[in-house]
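Chain residues, written in single-letter form:
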Amino acid sequence: MAQLLELGLDTFGDVTSGADGTPLPHAQVIRDLVEEAVLADEVGIDFIGVGEHHRDDFAVSAPEVVLAGIATATRRIRLGSAVTVLSSDDPIRVFQRFATVDALSNGRAEVILGRGSFTESFPLFGFDMNDYEALFTEKLDLFAALLRDNGTPAGVTWKGDLRPPLNGQHVYPLIETGTLKTWIGVGGSPESVVRAARYGLPMMLAIIGGNPARFKPYVDLYHKATGQLGGEKLPIGVHSHGYVAETDEAAREEFYADYKRMHDRIGAERGWPPYGVDAFEREIEHGSLYLGAPETVARKIARTVKVLGASRFDLKYSAGPLPHARMMRAIELYGTKVIPRVREILAEETVAGEKVDA
């Protein structure tokens, strides 16, 4: 497991605060995000995902464009979305844009497809929320056809209800390596789990609260459905919030206020109660907030990876107005301290397990 495990980062391009505490311009946030990705590449992080939003507290509405900029400034880190809101986009254009990022990055692009937890893109692009499920279902089916057939001589033949069909067509640019790694983002519904299995695509679990072990039944369902459909065992990924500092105390002190601001702003729209210290501490100790010194964060990631059999863990390191300088330090610690320690812990447990079995 330790050899196969990928450890990445996710950001939504949260609008951060400047030195005087005022929000930075969206343009500056995007430039800072590229700098964060370059550092992630330099310190050995495997992946960076950039989210898509269409609201004033997030700077990134076109993650593929940002990823293209990152591609030309990095060497080895894999680049993807977190997530692409396929329901309100055109699957062919999504495929083309990520194929372009793949070309610029020499094959490092991947895409995480989902419905997203925010719905601003639907009225913005003229889609009816009443078609929420139908839009995602059909567009995912078309995207799966592109993945399967676009690289074949026959091209893509596909028919749906919401757009004209394709008849032996190709979409360009072609993927140089032949395939684009594609995940399905899942928030926790059995239907989404089975859908990912049906299309033979890896599943990325968005675990943003509570004990991550509660998602084990979804992992079991995914593997069971994949097996029943005759597919091979596919990767499981986990996306969760977190932050790394030199000590547990410093991490709490540096992160809480900005995380609360983000949580309360979104919560006011969704009817959540105000976020408090008790909830914060519960998520750190027993839930899905991976926060603390490198050793603390590494041990918690290793537990989650082991419990869920994950082959990828992505830490969502941005949190509302959390300043760029703090995120840069967290990225450095994650790459230089947390990642090596996670691999070490898992390797030690593997050796110990082998000795017990013997």
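Residues numbered from 1 in each chain as written. Predicted model: local features only at pLDDT ≥ 70, side-chain atom pairs only at ≥ 80, totals over all residues. Heavy atoms only, no water.

1. Thoughts on the overall build of the protein
Keep this limit in mind: What counts as a helix is a DSSP run of H or I of at least four residues, what counts as a strand is a run of E of at least two, and both are numbered from the N terminus. Radius of gyration here is computed from C-alpha atoms only, and the compact-globule reference equals 2.2 Å multiplied by the residue count raised to the power 0.38. Here, two residues are considered to be in contact whenever any of their heavy atoms come within 4.5 Å of each other. Areas reported as accessible are Shrake-Rupley estimates using a 1.4 Å probe. Residue values count occlusion only from the protein chains shown. In this tally Asp and Glu are treated as negative and Lys and Arg as positive; neither His nor the chain ends contributes. Working definition for charges: the position is that of NZ of Lys, CZ of Arg, CG of Asp or CD of Glu.
Each helix and strand counted, the protein has 11 helices and 12 strands in total. The globule rule puts the C-alpha radius of gyration for 358 residues at 21 Å, and the 20 Å found for the protein is close to it. Projected onto its principal axes, the C-alpha positions of the protein cover 60 × 60 × 40 Å. In the protein, the proportion of contacts linking residues at least 24 apart, taken out of those at least 6 apart, comes to 73%. Put simply, the protein shows about 15,700 Å² of open surface, and 55% of that area lies on carbon and sulfur atoms. Considering the protein, the positive charge centre built from 38 side chains and the negative charge centre built from 50 side chains are found 3 Å apart.

2. Some details on the environment of T11
Let me state the cut-off plainly: Relative accessibility under 20% of the residue-type maximum defines a buried residue, over 50% an exposed one, and the middle range a partly exposed one, all with a 1.4 Å probe and only protein chains included.
As for its placement among the helices and strands, T11 is situated in strand β1 (residues 6-11). A relative accessible area of 2% means that T11 is categorised as buried. Each C-alpha atom of the pair T11 and I30 lies 11 Å from the other, and the pair is 19 residues apart in sequence.

3. A closer look at the side chain of E64
Note that E64 resides in helix α2 (residues 63-71). Its relative accessible area of 7% is what places E64 among the buried residues. With near-sequence residues (within four places) excluded, E64 lies in contact with R97, F98 and V101.

4. Things to note about the nonpolar core
General note: in soluble globular proteins, nonpolar side chains tend to be found buried as a group. Keep this limit in mind: Nine residue types can take part in a nonpolar core, namely buried Ala, Val, Leu, Ile, Met, Phe, Trp, Tyr and Cys, and a core is a set of them joined through side-chain atoms within 4.5 Å.
Judged by nonpolar contacts, the single largest core of 100 residues is most densely connected at I45, F143, F255, F280, I301, F313 and Y334. Setting aside residues no more than four positions away along its own chain, Y334 makes contact with L7, G8, L9, I45, V244, I301, F313, L315 and I339.

5. Quick word on the packing of aromatic side chains
Counted only if it meets this: Only Phe, Tyr and Trp rings are paired, with Trp represented by its six-membered ring, and only when their centres lie within 6.5 Å; those with planes under 30 degrees apart are stacked, over 60 edge-to-face, the remainder tilted.
Under the definition given, this model contains 13 aromatic pairs. Between F12 and F58, the aromatic rings sit 6.0 Å apart at their centres with planes inclined by 75 degrees, giving edge-to-face as the arrangement. Residue F12 is located in the loop between β1 and α1 (26-42), and its partner F58 is located in the loop between β2 (47-50) and α2; the two are separated by 46 residues in the primary sequence. Residue F58 is classed as buried on the basis of its relative accessible area of 4%. The interplanar angle of 25 degrees and the centroid separation of 5.0 Å between the aromatic rings of F255 and Y259 together place this pair among those described as stacked. Here F255 pairs with Y259, and both are found in helix α8 (residues 248-270), just 4 residues apart, close to one helical turn. No difference in accessibility class separates F255 from Y259, as the two residues are buried.

6. Digging into helix α3 (residues 91-104)
Using the following cut-off: Multiplying 1.5 Å by the helix residue count minus one yields the expected span of that helix. Between N or O atoms, a polar contact is any pair within 3.5 Å; within protein, one atom must be a potential hydrogen donor and the other a potential acceptor, and residues adjacent in sequence are included only when both atoms are from side chains.
For α3, spanning 14 residues, the distance from its first C-alpha to its last is 20 Å, which sits close to the expected 20 Å at 1.5 Å a residue. Within α3 the residues assigned to the buried category are P91, I92, V94, F95, Q96, F98, A99, V101 and D102. Between a side-chain oxygen at the N-terminus of α3 and the backbone nitrogen of I92 the separation is 2.8 Å; the capping residue is D90. With its phi angle positive at about 60 degrees, N106 sits one or two positions after the end of α3.

7. Some points on the pairing of strand β3 (residues 78-81)
Which entries qualify depends on this criterion: Strands were regarded as paired on the criterion that DSSP finds at least two bridges between them. A clockwise path from the first strand over the helix to the second, with the strands pointing away from the viewer, defines a right-handed crossover.
Neither face of β3 is left uncovered, since the one carrying R78 and G80 and the one carrying L79 and S81 both have all their residues buried. Of the strand pairs in this sheet, β2 and β3 are connected by 4 bridges, and their pairing is parallel. Counted as the bridge partner of I48 is L79 from β3. The parallel pair β2 and β3 is bridged by α2, and the resulting crossover is right-handed.

8. Notes on unusual backbone geometry
When glycine is set aside, most residues are seen to have a negative phi, and most peptide bonds are trans. Of note, the amide linkage connecting A82 to V83 takes the cis form, showing an omega dihedral of 0 degrees. In this structure, V83 sits in the loop between β3 and β4 (84-85). The amide bond that connects Y172 to the next residue, P173, takes the cis arrangement and shows omega of 5 degrees. Looking at where P173 falls in the secondary structure, it is placed in the loop between β7 (166-169) and β8 (181-186). Of note, N106 is a non-glycine position whose phi angle comes to about 60 degrees, a positive value. Along the chain, N106 falls in the loop between α3 and β5 (110-114).

9. What to know about helix α7 (residues 216-228)
What counts here: Here the arc refers to the set of directions running from the helix axis out to each C-beta atom.
Under the 1.5 Å per step criterion, the end-to-end length of α7 is 18 Å for 13 residues, consistent within 8% with the ideal 18 Å. Regarding α7, the residues found buried are V219, Y222, A225 and T226. Looking straight down α7, one finds that the buried residues subtend no more than 135 degrees of arc, so they occupy a single side. Facing away from the buried side of α7 by over 90 degrees, the exposed positions are P217, K224 and Q228. In this fold, the buried residues of α7 make contact with α6 (190-198), β9 (203-206), β10 (236-244) and α10 (294-308). G230 occupies a position one or two residues after α7 and carries a positive phi of about 80 degrees.

10. Topic: the packing of α3 against helix α5 (residues 132-149)
How we decide: Under this scheme, a helix contributes an axis fitted over its contacting stretch, all axes are lines through C-alpha atoms, and angles between N-to-C directions fall in the 0 to 180 degree range. Working definition: roughly parallel below 35 degrees, roughly antiparallel above 145 degrees, roughly perpendicular at 65 to 115 degrees, and oblique for all remaining angles. Definitions for this section: a left-handed crossing has its near helix turned counterclockwise from the far helix by less than a right angle. A right-handed crossing has that turn clockwise.
At a minimum axis separation of 9 Å, α3 and α5 run at an interaxial angle of 45 degrees. Taken as axis vectors, α3 and α5 run oblique relative to one another. For the pair α3 and α5, the sense of crossing is right-handed. On α5, the residues that touch P91, I92, V94 and F95 of α3 are K139, L142, F143, L146 and L147.

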